[in-house]
Amino acid sequence: YQRRVHGEFGWDPCRTDPAKMCSLSFEPTARTQVRRLTERAVYDRKTVHDILDAAFICHVSFVPTAGSTEAAGSAGTGDVCPVCIPTGFVRDGESILLHGKQSSALQRHLASGSPVCVTVAICDGLVFARSAFHHSMNYRSVVVFGRASIVDDPAEKLRAMELLTDGLTYRGRWASLRPPTSAELVSTTVTRLPLIEVSAKIRDLPAGDDDGDLSEPGWSGVLPLQTVSLTPESSPGNQPGAVPPRELMPYRRTNLVAALADLPHTAELQLRVVLYRSWALVVALCFLLFVAIKARAMLF
């Protein structure tokens with residue numbers, strides 16, 4: 001985990017609230033404390049980051065505020081129906097970025113600073129047991145509670161849109177495209193949700209068959225699953241000679257922010273390796289010198 005400074009590698013809330021947001025783990029709260037199958041709970045910051053960086057889609061849940069179109073839609077029932085919207089996202093340091101049409105219900109709610117719950121889930125395998133009861137899934141999931149804020153600074157908004165574009169495709173895609181028009185920028189809202197109340201839950205286990213079922217003849221095991229890319233399909237309106245980018249063959253998604261975050265950390269590690277090797281060399285030379293002096297003393 002590498003801290004980053006706003007304007008350099010990303011938004012770093014550690015500078016404003018180090019007590020809450022700079023530890024290596026998230027502090028469980030009343031809302032994020034896992035109470036069922038607690039052995040699967042994970043609050044480690046790096047693990048949460050890795051899960052978020054591996055996902056393309058999150059689900060944003062919220063209760064429409066009074067007077068909104070969504071709340072008015074349930075008028076007459078006496079209830080305000082919760083809303084859950086799937087959308088693309090990327091992680092930017094200690095926050096996630098979301099974007100959408102300015103007039104969308106989701107972006108209006110996010111921009112208002114009202115409470116939301118964001119979830120991410122990745123299915124890594126189907127678990128087959130000898131009984132229907134113990135069938136399961138191997139998965140990685142993250143739950144985030146909080147309030148988002150709108151990214152309204154023009155330069156920061158452009159940067160966020162670049163991170164969204166590259167993070168959901170491949171690093172360098174934004175730079176290969178024409179700049180967004182003024183109308184596109186005005187019609188698009190970008191919001192940021194800080195990672196404060198967060199928890200993860202992971203299952204990576206074989207089937208949990210009961211001892212009494214081990215004699216059953218049915219097969220038990222795990223069918224691993226993963227998301228893979230297929231052959232790119234060109235649009236009919238492509239210009240003559242246009243070919244899929246080389247980054248798509250084969251396609252390997254690299255989170256732009258995560259890659260940037262690793263740069264200083266990698267340089268630091270490389271420096272440590274050089275220092276350790278130099279120290280080991282000095283120790284070895286000193287030892288050889290000591291042996292040579294002892295041998296000389298024995299000869300004379």
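No experiment lies behind these values; they were computed from the predicted model shown. (Residues numbered from 1 in each chain as written. Predicted model: local features only at pLDDT ≥ 70, side-chain atom pairs only at ≥ 80, totals over all residues. Heavy atoms only, no water.)

Caption draft 1: Representation of helix α5 (residues 154-168). When the terminal C-alpha atoms of α5 are compared, their 21 Å separation across 15 residues agrees well with the 21 Å that a helix rising 1.5 Å per residue should span. Within α5, burial applies to Glu156, Lys157, Ala160, Met161, Leu163, Leu164, Asp166 and Gly167. (Helix = DSSP H or I, 4+ residues; strand = E, 2+ residues; numbered from the N terminus. Expected span 1.5 Å × (residues − 1). Buried < 20%, exposed > 50% of the residue type's maximum accessible area, 1.4 Å probe, protein only.)

Caption draft 2: Just the sheet that holds strand β8 (residues 149-150), in detail. Spatially, the four strands line up as an open sheet ordered β4-β5-β9-β8, and their pairing is antiparallel. Among the strands making up the open sheet, the edge pair consists of β4 (90-91) and β8. Here α5 sits on the sheet and contacts β4, β5 (95-101) and β9 (188-194); the angle it forms with β9, its principal contact strand, is near 80 degrees. (Pairing = 2+ DSSP bridges. Contact = heavy atoms within 4.5 Å. Axes fitted to C-alpha atoms, helices over the stretch in contact; angles between N-to-C directions.)

Caption draft 3: Geometry of the nonpolar core. Grouped together as the largest cluster of nonpolar side chains are 26 residues, with contacts concentrated most on Leu52, Val60, Phe89, Val118 and Val142. Put simply, the parts of the chain that give this core at least two residues each are α2 (45-54), β2 (57-62), β5, α4 (105-111), β6 (115-128), β7 (136-147) and β10 (197-203). Looking at which element gives the most residues to this core, the answer is β6, with four residues. Core analysis: the second largest hydrophobic core is formed by nine residues, Leu97, Ala160, Leu163 and Trp174 among them. (Core = buried A, V, L, I, M, F, W, Y, C linked by side-chain atoms within 4.5 Å.)

Caption draft 4: Expanded view of the environment of phenylalanine 133. Summarising the element assignment, phenylalanine 133 is placed in the loop between β6 and β7. Sequence spacing of phenylalanine 133 and aspartate 210 is 77 residues, and the spatial spacing of their C-alpha atoms is 10.0 Å.

Caption draft 5: A look at the confidence of the model for the protein. Looking at the protein as a whole, its pLDDT mean stands at 83, while 79% of the residues score no less than 70. Between residues 1-20, whose pLDDT stays under 50, and residues either more than four places distant or in other chains, the model counts 47 contacts. Taken as a whole, residues 256-269 scores under 50 in pLDDT and shows 21 contacts with residues more than four places along the chain or in a different chain. (pLDDT = per-residue confidence, 0-100.)

Caption draft 6: Just the pattern of salt bridges, in detail. Counting across every chain of the model gives 12 salt bridges. Salt-bridge contacts for arginine 45 lead to glutamate 94; the nearest nitrogen and oxygen are separated by 2.5 Å. A residue pair is termed long-range when its members are at least 10 positions apart, and arginine 45 in helix α2 and glutamate 94 in the loop between β4 and β5 qualify at 49 residues. Considered together, arginine 45 and glutamate 94 belong to a single accessibility category, that of buried residues. Salt-bridge contacts for arginine 159 lead to glutamate 156; the nearest nitrogen and oxygen are separated by 3.3 Å. Separated by three residues within a single helix, arginine 159 and glutamate 156 lie in helix α5, roughly one turn from each other. Since its relative accessible area comes to 13%, glutamate 156 is described here as buried. What emerges from the salt-bridge pattern is a single network uniting Asp92, Glu156, Arg159 and Arg192. (Salt bridge = Lys/Arg side-chain N within 4 Å of Asp/Glu carboxyl O.)

Caption draft 7: Geometry of the pairing of β10. The buried fraction of β10 amounts to six of the seven residues, a majority that puts the element mostly inside the structure. Sheet topology places strand β1 (residues 41-42) next to β10; two bridges connect them, and they run antiparallel. The residue bridging alanine 41 from the neighbouring strand is lysine 201, located in β10. In terms of strand pairing, β7 meets β10 through seven bridges, oriented antiparallel. Of the residues in β10, the one forming a bridge with valine 143 is serine 199.

Caption draft 8: Seen up close, the side chain of aspartate 92. As for its position among the elements, aspartate 92 is in the loop between β4 and β5. Classification of aspartate 92 by relative accessible area gives buried; the value is 0%. A polar contact of 3.1 Å, which involves the side chain of aspartate 92, links it to the side chain of arginine 159. (Polar contact = N/O pair within 3.5 Å; in protein donor to acceptor, adjacent residues only side chain to side chain.)

Caption draft 9: Expanded view of unusual backbone geometry. Cis geometry is adopted by the peptide bond preceding proline 250, which originates at methionine 249 and carries an omega value of -10 degrees. Counting through the fold element by element, proline 250 comes out in the loop between β11 (221-224) and α7 (256-299). The backbone of leucine 37 sits at a positive phi, close to 55 degrees, despite the residue not being glycine. Among the secondary structure elements, leucine 37 is positioned in the loop between α1 (18-21) and β1. Judged by relative accessible area, which is 27%, leucine 37 ranks as partly exposed.

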